[in-house]
Amino acid sequence: MPKATTCKLGNRIVSIEDALLLRAGAARWRRPVPEFSCHECNERVRPHKKGTTGQAAHFEHRTRSPGCSQSA
Ligand SMILES: [Zn+2]
């Protein structure tokens, strides 16, 4: 399965590492989590940290997006 490692934040492209930092920063300062969206289909996506099973950090669509190559 392709795993997305970049997404859009407004009209910027951000990496998964940046997204995780932004989310952590938002939580720390009790700010709303930025709205990340897929750069292919524009659906909302959520950043996921690297898993303990060796899965790399990646973005996941909040809802499955048929036709998007970045949606698992
Ligand atoms: Zn997508």
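Right above here is the structure, for reference.
Just so it is clear, the model here is predicted, and its values are computed rather than measured.

Colleague: I tried to follow the pattern of salt bridges on my own but got confused; where do I start?
Modeller: It is possible for side chains of opposite charge to pair when their charged atoms get near one another. Scanning all chains against the criterion turns up one salt bridge. Here Arg44 and Glu35 are joined by a salt bridge, their closest N and O atoms 3.7 Å apart.

Colleague: Would you explain the coordination of the zinc ion in this entry?
Modeller: Within the first shell, the zinc ion binds the protein through Cys38 (SG), Cys41 (SG), His61 (NE2) and Cys68 (SG), at distances of 2.1 to 2.3 Å. Coordination geometry of the zinc ion: the four donor atoms subtend angles of 104 to 116 degrees at the metal centre, consistent with an arrangement described as tetrahedral. Read from N- to C-terminus, the donor residues coordinating the zinc ion fall into the pattern C-x2-C-x19-H-x6-C. Of this pair, Cys41 sits in the loop between β3 (36-37) and β4 (45-48) while Cys68 is found in the segment after β5 (58-61), placing the two residues 27 residues apart along the sequence. For Cys41, a relative accessible area of 25% puts it in the partly exposed group.

Colleague: It is not clear to me how the pairing of strand β2 (residues 12-15) should be interpreted in this structure. Could you clarify?
Modeller: One face of the sheet, then the other: side chains in a regular strand alternate in exactly this way. By the bridge criterion, four bridges tie strand β1 (residues 6-9) to β2 in an arrangement that is antiparallel. Note that in β2 the partner of Lys8 across the bridge is Ile13.

Colleague: Which parts of the structure should I look at to understand the sheet that holds β2?
Modeller: The pairing of strands in a sheet happens through backbone hydrogen bonds and is either parallel or antiparallel. With antiparallel pairing, three strands are arranged side by side in an open sheet as β2-β1-β3. Two strands bound the open sheet, and with one partner strand each, they are β2 and β3. The strands touched by helix α1 (residues 16-28) within the sheet are β1, β2 and β3, with β2 carrying the most contacts at an inclination of about 90 degrees.

Colleague: Even after reading the chapter, I still don't get the packing of aromatic side chains, so can you show me in this structure?
Modeller: Pairs of aromatic rings are described using the distance from one ring centre to the other and the angle between the two planes. The tally for this structure, following the rule as stated, stands at one aromatic pair. Centre to centre, the rings of Phe36 and Phe59 are 6.2 Å apart; their planes meet at 50 degrees, and the pair counts as tilted. Taken as a pair, Phe36 in strand β3 and Phe59 in strand β5 lie far apart in primary sequence, 23 residues in all. In this structure Phe59 comes out as buried when scored by relative accessible area, which is 2%.

Colleague: Just to check I follow, could you spell out the environment of His58 for this structure?
Modeller: Mapped onto the elements of the fold, His58 is located in strand β5. Along the backbone, His58 and Arg30 are 28 residues apart, and their C-alpha atoms lie at a distance of 23 Å. Among all residues touching His58, those that are not within four sequence positions of it are Lys3, Ala4, Ile16, Arg46, Pro47 and His48. At 2.8 Å, the side chain of His58 and the side chain of Glu60 are in polar contact.

How each quantity is defined
Residues numbered from 1 in each chain as written. Predicted model: local features only at pLDDT ≥ 70, side-chain atom pairs only at ≥ 80, totals over all residues. Heavy atoms only, no water. Salt bridge = Lys/Arg side-chain N within 4 Å of Asp/Glu carboxyl O. Donors = N, O, S within 2.8 Å, 3.2 Å for Na, K, Ca; no water. Tetrahedral: all angles 85-135°; square planar, octahedral: opposite > 155°, others 65-115°. Helix = DSSP H or I, 4+ residues; strand = E, 2+ residues; numbered from the N terminus. Buried < 20%, exposed > 50% of the residue type's maximum accessible area, 1.4 Å probe, protein only. Pairing = 2+ DSSP bridges. Contact = heavy atoms within 4.5 Å. Axes fitted to C-alpha atoms, helices over the stretch in contact; angles between N-to-C directions. Phe/Tyr/Trp six-rings, centres within 6.5 Å; stacked < 30°, edge-to-face > 60°. Polar contact = N/O pair within 3.5 Å; in protein donor to acceptor, adjacent residues only side chain to side chain.

Remember, this is a structural readout, not a statement about activity or role.
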